[in-house]
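Geometric and topological summary
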Amino acid sequence: MALIVQKFGGTSVGTVERIEQVAEKVKRFHEAGDQIVVVVSAMSGETNRLIGLAKQIMEQPDPRELDVMVSTGEQVTIGLLAMALLKCGVQAVSYTGNQVRILTDSAHTKARIQQIDDARIRAELKAGKVVVVAGFQGVDEQGNITTLGRGGSDTTGVALAAALKADECQIYTDVDGVYTTDPRVVPQAQRLDKITFEEMLEMASLGSKVLQIRSVEFAGKYNVPLRVLHSFQEGPGTLITLDEEESMEQPIISGIAFNRDEAKLTIRGVPDTPGVAFKILGPISAANIEVDMIVQNVAHDNTTDFTFTVHRNDYQSALEILKRTGVEIGARESVGDTKIAKVSIVGVGMRSHAGVASQMFEALAKESINIQMISTSEIKVSVVIEEKYLELAVRALHTAFELDAPARGAE
């Protein structure tokens, strides 16, 4: 008998019919003898609807009252799923984050979980019930309802699995696992049977939308085995774990991630003096704009060119700040480019294999794709290229690192 936490997202519980399908799936696990805790999101589109209502009243809704309001989306879903389970003969009980006592800090709309009281859940599991818990929400020490930010239901699921020392946390979504890259770009992409937390964290941060970053961090910190599964298709999914099995079969590269949402900014002809990087990036940071990749080149005339990337949504604000900074520090010019994309190769196998970066550069060179920026870590190499070459680059790298699925009948 295993203790399993199952999390179902908004599309999985988007209609009454789908909620009943989820109930049937949960019932099968329960009848097999497993103890089941189910975490659910609000029905697809419901959170946006509620935020829209709030903005009709206040352009910038009060954070505390917004949390009170948007948390009701999950309250509806847990009640409906508990009813669906009862209807199909499974003893079930629903709980809000407050009732479970998921204690958070007081940062409304982006709270962080501090502690979970698992006593009530354990008692219900011992009584043979399925426990249905509202994702995305908690309560602070003053009793105020809080929410965990976008994708917070994943975090709730992982946090409950950690508190309960669950055997596995299963994240059900609209894909049947984690793939070597986006199958819409590379039809030959393969589903991975297993991937490490470290690799998944890199993939998530680099543009893979399968799992929310905070939930992967949480799972890695508390060593909670995560499994990504399709809500309505049977299959083994992808297991995310700490294990780095040494194997002759293990590929050097596990996947290729990409991100179209970046923009590049360059300030040229900056006097090359100590502290110049802070003078450039300090005002950007003060405006709460996150910087991703950075490249600095020193010229022969003792000036430097400084290039960095930001999220495309922050591009206009960052460019205006950079131009003001350029005037203050005597730079020659400040320019930007929104027609870029970032492509990354990820794999723990890089640690023990030399020449991975050069293999990546060679594959891009063969397609006449120019590299504008490079960033590396122990298990990742990222490059910035022109956006129009993005899909070509991903396909070329997928083939170069032998990630393409074998043709049918070739095995």
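A quick note: this is a predicted structure, and the numbers were derived from the prediction, not measured.

Each value, and the rule that gives it
- Residues numbered from 1 in each chain as written.
- Predicted model: local features only at pLDDT ≥ 70, side-chain atom pairs only at ≥ 80, totals over all residues.
- Heavy atoms only, no water.
- Helix = DSSP H or I, 4+ residues; strand = E, 2+ residues; numbered from the N terminus.
- Rg over C-alpha atoms; globule rule 2.2 N^0.38 Å.
- Buried < 20%, exposed > 50% of the residue type's maximum accessible area, 1.4 Å probe, protein only.
- Areas by Shrake-Rupley, 256 points an atom, 1.4 Å probe, with all protein chains shown as cover.
- Contact = heavy atoms within 4.5 Å.
- Core = buried A, V, L, I, M, F, W, Y, C linked by side-chain atoms within 4.5 Å.
- Pairing = 2+ DSSP bridges.
- Axes fitted to C-alpha atoms, helices over the stretch in contact; angles between N-to-C directions.
- Parallel < 35°, antiparallel > 145°, perpendicular 65-115°, else oblique.
- Left-handed = near helix turned anticlockwise from the far one by under 90°.
- Nonpolar A, V, L, I, M, F, W, Y, C, P; charged D, E, K, R; others polar.
- Expected span 1.5 Å × (residues − 1).
- Arc of directions from axis to C-beta.
- Salt bridge = Lys/Arg side-chain N within 4 Å of Asp/Glu carboxyl O.

Brief notes about the overall build of the chain
Helices and strands together make up the secondary structure of the chain, namely 13 helices and 20 strands. For the chain, whose C-alpha radius of gyration is 24 Å, the value lies close to the compact-globule estimate of 22 Å for 411 residues. When its C-alpha atoms are laid out on the principal axes, the chain stretches across 75 × 60 × 30 Å. Sorting the 411 residues of the chain into buried and exposed places 50% on the buried side. Approximately 19800 Å² of the chain is accessible, and the part contributed by carbon and sulfur atoms is 48%.

Notes on the side chain of Thr303
By secondary structure assignment, the location of Thr303 is in strand 16 (residues 303-311). Once residues within four sequence positions are removed from consideration, Thr303 is found in contact with Gly269, Val270, Asp272, Asn297 and Val298.

Observations concerning the nonpolar core
Residues Val37, Ile121, Val133 and Leu226 are the most contacted members of the largest nonpolar core, which totals 44 residues. It is helix 7 (residues 152-164) that provides the largest number of residues to this core, a total of six residues. Apart from the residues within four sequence positions on either side, Leu226 is in contact with Val158, Cys169, Ile171, Phe197, Leu211, Ser215, Ala219, Thr238, Leu239 and Ile240. By size, the runner-up hydrophobic cluster in this structure holds 23 residues, among which are Val186, Val383, Leu390 and Val394.

Quick notes on the pairing of strand 9 (residues 168-173)
Burial of strand 9 is extensive: six of the six residues sit out of reach of the surface. Of the two faces of strand 9, the one carrying Glu168, Gln170 and Tyr172 and the one carrying Cys169, Ile171 and Thr173 are both buried. Bridge count for strand 1 (residues 3-8) against strand 9 is five bridges, and the pairing is parallel. Among the inter-strand pairings, Ile4 is bridged to a residue of strand 9, identified as Glu168. Note: strand 9 against strand 11 (residues 226-230), five bridges, orientation parallel. For Tyr172, the partnering residue across the bridge sits in strand 11 and is Leu229.

Some points on the packing of helix 8 (residues 197-205) against helix 9 (residues 213-222)
Close contact between helix 8 and helix 9 brings their axes to 9 Å; oriented N to C, the two are set at 165 degrees. Judged on the interaxial angle alone, helix 9 and helix 8 are roughly antiparallel. Of the two possible hands of crossing, helix 8 and helix 9 adopt the one that is left-handed. Contacts between helix 8 and helix 9 involve Phe197, Met200, Leu201, Ala204 and Ser205 from the first element and Ile213, Val216, Glu217, Ala219 and Gly220 from the second. For the contact of helix 8 with helix 9, the residue count by class is seven nonpolar, two polar and one charged.

Remarks on the environment of Lys129
Note on placement: Lys129 falls in the loop between helix 6 (119-126) and strand 6 (130-134). Apart from residues no more than four positions distant in its own chain, Lys129 is found in contact with Ile36, Gln91, Val93 and Glu124.

Describing the sheet that holds strand 3 (residues 92-95)
If you trace the eight strands from one edge of the open sheet to the other, you get 3-6-2-1-9-11-12-10, paired in mixed fashion. Taken across any chain shown, the strands that pair with only one partner, and hence form the sheet edges, are strand 3 and strand 10 (194-196). The mean angle between the axes of side-by-side strands here comes to 20 degrees, regardless of whether they run parallel or antiparallel. In terms of strand pairing, strand 2 (residues 35-40) meets strand 6 through four bridges, oriented parallel.

Observations concerning helix 11 (residues 315-329)
Look at helix 11: 21 Å from first C-alpha to last across 15 residues, which is about the 21 Å you get at 1.5 Å a residue. The complete set of buried residues in helix 11 reads Tyr315, Ala318, Leu319, Ile321, Leu322, Thr325, Gly326 and Ile329. All buried residues of helix 11 lie within an arc of 165 degrees about the axis, which places them on one face of the element. Facing away from the buried side of helix 11 by more than 90 degrees, the exposed set consists of Arg324, Val327 and Glu328. In this structure, the buried residues of helix 11 make contact with strand 14 (262-271), helix 10 (276-286), strand 16 and strand 17 (333-337). Just beyond helix 11, the residue with positive phi is Gly330, at close to 75 degrees.

Things to note about the pattern of salt bridges
One pass over the full model with this rule turns up 22 salt bridges. The salt bridge involving Lys342 is made with Asp292; its shortest N-O contact spans 2.5 Å. Separated by 50 residues along the polypeptide, Lys342 in strand 18 (residues 340-346) and Asp292 in strand 15 (residues 291-298) bring together distant segments of the chain. Among the residues examined, Lys342 registers a relative accessible area of 4% and is labelled buried. One network of salt bridges, with partners in common, ties together Lys25, Arg28 and Glu234.

Considerations on the sheet that holds strand 15
As summarised here, the arrangement of the four strands in space is 15-16-14-17, forming an open sheet in which the pairing is antiparallel. Both edges of this open sheet fall to strand 15 and strand 17, since each of them pairs with a single strand only. Strand-to-strand twist across the sheet, computed as the mean angle between neighbouring axes with direction ignored, equals 15 degrees. For strand 14 and strand 17, the ladder comprises five bridges, and the chain directions are antiparallel. Looking at strand 17, one finds that Lys264 is bridged to Asp337.

A short note on the environment of Leu403
For Leu403, the location among the structural elements is in the segment after helix 13 (390-400). With 222 residues separating them in the primary sequence, Leu403 and Thr181 have C-alpha atoms 9.1 Å apart. Excluding its chain neighbours within four sequence positions, the residues that come into contact with Leu403 are Thr180, Gln188, Gln190, Ile253, Gly255, Ile256 and His398.

Geometric values such as these leave the question of function open.
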